[in-house]
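One letter stands for each residue in the lines below.
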Amino acid sequence: MTTTTTATPVLAARELRKNFGRVVGLDGVSLDLYAGEVLAIIGDNGAGKSTLIKCLTGALVPDSGTLAIDGEIVSFKRPQDAQERGIETVYQTLAMAPALDIASNMFLGRELRQRGIAGSVFRRLDKKEMRRRSYEAVQKLGIQTIQNITQSVETLSGGQRQAVAVARAAEFGSKVVVLDEPTAALGVKESGLVLDAIKSLKDRGLPVILISHNMPHVWEVADRIHIQRLGGSAGVITPQSHNMTDGVAIMTGAAKL
Amino acid sequence: MSLTTTNIGTVNGLTGQRQSVSRRLQHLLHTNPWVSPLVILVLSIAIFTIINPAFAQPRAISLLIQQTAVIAALGVGQTLVILTAGIDLSVGAVSILATMLSAVLAQDAGLPGWVAIIVGVLTGTIGGLFNGFLVSKLKLPPFIGTLGTLSIFTAISLLLSGGRSIQATELPAEMSAGGERVPIGPFDLNIGVLVVIAIYIVVGYALSQTGWGRHVYAVGDDAEAARLSGIRVNRVLLSVYAVAGLIYGIAAWVLIGRAGAATPNGIVDANLASITAVVIGGTSLFGGRGGIIGTVLGALIIQSFTIGLSLAGVDDQFRVLAVGFLVIFAVAADQWIRKVRA
Amino acid sequence: MTSVFTSKVARRAFAAATAVAVGLTMSACAGDTAAPGADDEVKVTLILKDLVNPFFVALQKGAEAQAEKDGVNLTIASGKKDGDEEGQIQAIENAVLKGEDGILVLPAGPAVNSAITKAREAGLVVIALDTPPDPIDTTDQTFATDNFEAGKLIGEWAASATAGTDVVIALLDQFDDRIIQTDLNRDQGFLTGMGIDTADLGQNGDEAQTGTFSGGNYTIACQEATTGAEDGGREAMENCLTANSDINLVYTINEPSAAGAYKALQAAGLEKDVKIVSIDGSCEGVANVASGIISATSQQYPVNMATLGVETIASVVRGGDYPPVSDGLDFYNTGTALVTDATQDGVDSITSEEATEICW
């Protein structure tokens, strides 16, 4: 797994700044994501990882700075803008409605309508098709344990929920998939499920941005590691160039890159 | 690789593992929250029929349906609002404003019947839009916002009508057409009832078969998740309150037919009655769960208590007591249903 | 969806359902459950305006007592609050459904008229109590109190008692958000008795603020709603005093609100300078007349109304006749008497001692 240095990054951010009142969230952060790679973002609490992600995915609007997709400047006012550009995000909270079933959550906000008059005039949902595609998306990620697409999300275990969220991102993400702390609340077995899913995304050519504070997981799947510190970037390393201890040291400011 | 079977939720026995009886009942009620009120309704009718066989006659059932119609209609709007984890305390006030405005205009300004009815429905919709604006744009908690509009709309109708009632005989015939009898088989219904049934069909379709319906549930279940999924939460909220207002406007017309008059006293305690029907019907006050089937069942249950206890010769004080217990029971059941092991 | 109703589930569910059923049955058995069709027994539903106003409670008790004597099976129903017409409509419909012989109703408003007519068409005897319906022939008979007359009596007394002075009046009504006949009639009756021009008799609060009454000049300092309760009366009086502390005459819709108004005056140290007039004639109210809290009150007879109503309905259902209406009126007037210990010439009254013997 070497870092690819194709000319144009799939996603490029330059000098992103975001303040919350007098609190500095992001202090001029730049970042590049290339095709087919897994870029991890690590940092201590309050370093700005979540803020950075939200700015990249339209959940927050940065005060200044630019974003570019395949070299083209873009700006996102709401999450749907980023989604329309092919950036899919799995937030820490998963952004799933617990009472609704898996298929409904898969297509939440982009429900499929039936063909013809039923769909256009009566706006009737094509539930059968949504269920079929949801089942496929879940299977594609290799999640064998979910057999019933109509069960509600709250009846799933933590790992299964995470897997469904990842499957959703994979299904609709055409450019980038962003994962915010996907293994934070999971045990060993379930984390394995998610990490396998990430690798499967990469195999399909989808670049992945991964935020995590679980160093072993990061070192296992990441190609490059962007270190966030105190609202700014402390540098980019690779699992080959630095080991976990070094990485943590840079993250906490004990060492410099 | 697969997770152990104990991690899977209560599903269809596919895992081969027997779930406890109460867990399976809980799951059934979880996915179909209206089963519980249906059982209570059937039980109530059965018991009251045993006490006085007149209850199961077509006459009594017809009366039950007629008496429930207005609250059932208001309950649809209330259900929509509660599904979004909101609440609408102005339901009665909006309806009365629509009733009195349309009646006053018909009587004093000589508006033709149909125009007055449309004015009433529009009034309701605008009232609902205003509520929606308060909740979605100004971000007021629905309880506070609709508490305020309750007073505002009540005051406006008072200023308009001076608190007087206007008899149906002083109004164009169309305005009280809701009361016109429509015999169907052995049952004695009226146009108002048919209109309410139509409302249920339309809204029921929208809630279960369209994207808008799904969004309503999602916003109530987890508004932030809905927002992050690209749903325009503010628009959904605005539309819900506006649709509710529209329904209150139609209910206002049904009310004139029922009472034979445009009166501010036609639906005393409408907000409490509609909320009670919604809660007994299994819709959760926390949003995201339930539906309008439960609401009409809830309204029927309350009204069947009224008729049933009356047929049994029981004084009104006890009816009020019984309904109170019913509400507590319904909310406790809802709490139990919500306890799902993750 | 595979069925989850295994026999175990079904059994548990029905156990729970039976518990509910038992609860319902116990609740239902708390009332009268005489089997339908008991021969000489007359079945009547009494429909009140609300369940809490002491006037209606006294009426109910009177009706229940008479029902026992006359072999009447009496069921109590009511609107949710004063003015609730829909609640009364439902009660009337249910009574017809139940196969009652008759209905005693205190009409909350004109919307109940069509329900009453349907009940009579179904063969029930319907008698109005307390408030004459409009039109008067909506019911078979009416036993009511002339609330306008009641107001007029205290108005005449007040006019006489304050003649030659300038009066500053506080009007404490029942409601300001709906029109209730009793509220309207008592208020307008009082003003008429005072000799004040009432403008529109169908509307409270439309009178000129200043002008002349039969004994001099008047100013209406305020008009407030009390909901007919003591705390409401107190609050209304306090608001009035804030607006104008020269008030020397207070009209109150009923005696509980009068008691509250007195407390407010007492707190302000003004109770000696102000005359309070009221209507009801309850035993508490009459005692207040004796102790000087209320200067004059019009006494009404709800127990009489109820007694006559039950008697008549029982007799008519069994084939008897209606008693004739009172002279000059189109209903049977159960009477009003002015109660005061400060008699005025030209206004008949009884003393508080006499009133105590017939109070309710």
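The rules behind the values
Residues numbered from 1 in each chain as written. Chains lettered and ligands numbered in written order. Predicted model: local features only at pLDDT ≥ 70, side-chain atom pairs only at ≥ 80, totals over all residues. Helix = DSSP H or I, 4+ residues; strand = E, 2+ residues; numbered from the N terminus. Buried ≥ 20, exposed ≤ 12 C-beta atoms within 10 Å, placed from the backbone. Rg over C-alpha atoms; globule rule 2.2 N^0.38 Å. Contact = placed C-beta atoms within 7 Å. Core = buried A, V, L, I, M, F, W, Y, C linked by C-beta atoms within 7 Å. Domains from an automatic or database assignment. Axes fitted to C-alpha atoms, helices over the stretch in contact; angles between N-to-C directions. Parallel < 35°, antiparallel > 145°, perpendicular 65-115°, else oblique. Nonpolar A, V, L, I, M, F, W, Y, C, P; charged D, E, K, R; others polar. Expected span 1.5 Å × (residues − 1). Left-handed = near helix turned anticlockwise from the far one by under 90°. Pairing = 2+ DSSP bridges. pLDDT = per-residue confidence, 0-100.

The next thing to look at is the overall build of chain C. Secondary structure summary: chain C contains eleven helices and 13 strands in total. Expressed as a percentage of the 360 residues in chain C, the buried residues total 55%.

This brings us to the overall build of chain B. Along the backbone of chain B there are 13 helices and four strands. For 342 residues, the compact-globule estimate of 2.2 N^0.38 gives 20 Å, and the C-alpha radius of gyration of chain B, at 21 Å, lies within 12% of that figure. Principal-axis analysis of the C-alpha atoms gives chain B an extent of 75 × 55 × 35 Å. Residues classed as buried in chain B amount to 58% of the 342 residues present. Sequence separation of 24 or more characterises 75% of the internal contacts of chain B that already satisfy a separation of 6 or more.

Quick look at the nonpolar core now. Ranked by internal contacts, the top residues of the largest apolar core, which has 280 residues, are Val 166 of chain A, Ala 73 of chain B together with Ile 92 of chain C. For this core, the leading source of residues is helix α10 (residues 233-259) of chain B, giving 18 residues. Both domains that furnish three or more residues to this core are identified here as domain 1 (42-145 + 303-323) and domain 2 (147-300 + 336-357) of chain C. Contact partners of Ala 73 of chain B, with chain neighbours within four places excluded, come to Val 196, Ile 199, Ile 247, Ile 250, Ala 251 and Val 254 of chain B.

What follows covers the packing of helix α3 (residues 58-83) of chain B against helix α3 (residues 85-98) of chain C. Orientation of α3 of chain B relative to α3 of chain C, taken along the N-to-C sense of each, is 175 degrees, at an axis distance of 11 Å. Here α3 of chain B lies roughly antiparallel to α3 of chain C, going by the angle between them. Of the residues in α3 of chain C, those touching α3 of chain B at Arg 59, Ala 60, Leu 63 and Gln 67 of chain B are Gln 90, Glu 93 and Leu 97 of chain C. Split by residue class, the contact of α3 of chain B with α3 of chain C holds three nonpolar, two polar and two charged.

Glancing now at unusual backbone geometry. Trans peptide bonds make up the majority, and among non-glycine residues the majority have a negative phi. Look at the link from Asp 134 of chain C to Pro 135 of chain C: it is a cis peptide, with omega at 10 degrees. Note on placement: Pro 135 of chain C falls in the loop between β4 (125-130) and β5 (141-144). The residue Leu 230 of chain A is not glycine, and still its phi comes out positive at about 50 degrees. With respect to the secondary-structure elements, Leu 230 of chain A resides in the loop between β9 (224-229) and β10 (232-237). A tally of 13 C-beta atoms within 10 Å means that Leu 230 of chain A is categorised as partly exposed. Despite not being glycine, Ala 199 of chain C shows a phi value in the positive range, around 55 degrees.

This part is about the interface of chain A and chain B. Contacts between the two partners involve 31 residues from chain A, matched on the other side by 28 residues from chain B. The greatest single-element share of the side of chain A that touches chain B, amounting to three residues, is contributed by helix α2 (residues 79-84) of chain A. Residue composition of the side of chain A that touches chain B, grouped by class: twelve nonpolar, 13 polar and six charged.

Moving on: helix α12 (residues 292-311) of chain B. Since the α-helix turns once every 3.6 residues, residues separated by three or four places project in the same direction. Counted at 1.5 Å a residue, the expected span for α12 of chain B with its 20 residues is 28 Å, and the 28 Å between its end C-alpha atoms agrees. One or two residues past the end of α12 of chain B sits Gly 313 of chain B, with phi positive at roughly 80 degrees.

Here the focus is the packing of helix α11 (residues 270-280) of chain B against α12 of chain B. Residue and element names in this part refer to chain B. Where α11 meets α12, the axes come as close as 7 Å, and the angle between the chain directions of the two elements is 115 degrees. Classified by the angle between their axes, α11 and α12 sit roughly perpendicular to one another. Where α11 crosses over α12, the handedness of that crossing is right-handed. Mapping the contact onto sequence places Thr 276, Ala 277, Val 278 and Ile 280 in α11 and Thr 295, Gly 298, Ala 299, Ile 301 and Ile 302 in α12. Here the contact of α11 with α12 is built from residues that sort into six nonpolar, three polar and no charged.

To continue, consider the sheet that holds strand β6 (residues 167-173) of chain C. All names here are of chain C. Taken in spatial order, the seven strands make up an open sheet running β7-β8-β6-β9-β10-β11-β13, and their pairing is mixed. The open sheet has two edge strands with one neighbour each: β7 (210-213) and β13 (336-340). Across the sheet, the mean angle separating the axes of adjacent strands is 25 degrees when strand polarity is ignored. Relative to β13, strand β11 (residues 296-300) is paired through five bridges, and the arrangement is antiparallel.

All names here are of chain C. Annotation of chain C at the domain level lists domain 1 (42-145 + 303-323) and domain 2 (147-300 + 336-357). Taken residue by residue, the interface counts seven residues in domain 1 and twelve residues in domain 2. Per-class residue counts for the side of domain 1 that touches domain 2 are two nonpolar, four polar and one charged.

All names here are of chain C. Across the five residues that make up β11, a large majority, five, are buried. Alternating positions in β11 separate into two faces, Ala 296, Ser 298 and Gln 300 on one and Thr 297 and Gln 299 on the other, with burial throughout. Across four bridges, strand β10 (residues 275-280) lies against β11 in parallel orientation. Across the sheet, Asp 280 pairs through a bridge with Gln 299, a residue of β11.

Residue and element names in this part refer to chain A. Sheet architecture is open: four strands sit in the order β2-β1-β4-β5, paired in antiparallel fashion. Strands with a single pairing partner mark the edges of an open sheet, and in this sheet they are β2 (23-33) and β5 (72-74). Shown here is a sheet whose adjacent strand axes are inclined to one another by a mean of 30 degrees, direction ignored. The pairing of strand β1 (residues 11-20) with β2 spans eight bridges and is classified as antiparallel. Bridging from a neighbouring strand, Leu 16 pairs with Val 29 of β2. Each of β1, β2 and β4 (64-69) is contacted by helix α1 (residues 49-57), which is oriented at about 120 degrees to β1, the strand it contacts most.

Take the environment of Ala 229 of chain C next. All names here are of chain C. In this structure, Ala 229 sits in the loop between β8 (216-225) and α7 (230-243). Remark: the alpha-carbon pair of Ala 229 and Glu 255, spanning 26 residues in sequence, is separated by 8.5 Å. Not counting the four nearest positions on each side in its chain, Ala 229 is found in contact with Pro 256 and Ser 257.

Attention now moves to the arrangement of the chains. The chain pair with the greatest number of contacts, out of two pairs of chains in contact, is formed by chains B and C. For chain A and chain C, which are not in contact, the least C-alpha distance works out to 10 Å.

This next bit is on the confidence of the model for chain B. Confidence in the prediction for chain B averages 87 pLDDT; 92% of positions are at 70 or higher. Across residues 1-17 of chain B, confidence stays below pLDDT 50; counting only partners more than four residues off in sequence or on other chains, it has 26 contacts.

Residues and elements named next belong to chain B. Within the secondary structure layout, Ile 82 lies in helix α3. Each C-alpha atom, one on Ile 82 and one on Arg 181, is 33 Å from the other, the two residues being 99 residues apart in sequence. For Ile 82, the residues in contact, after removing those within four places along its chain, are Ile 87, Val 278, Thr 283, Leu 285 and Gly 287.

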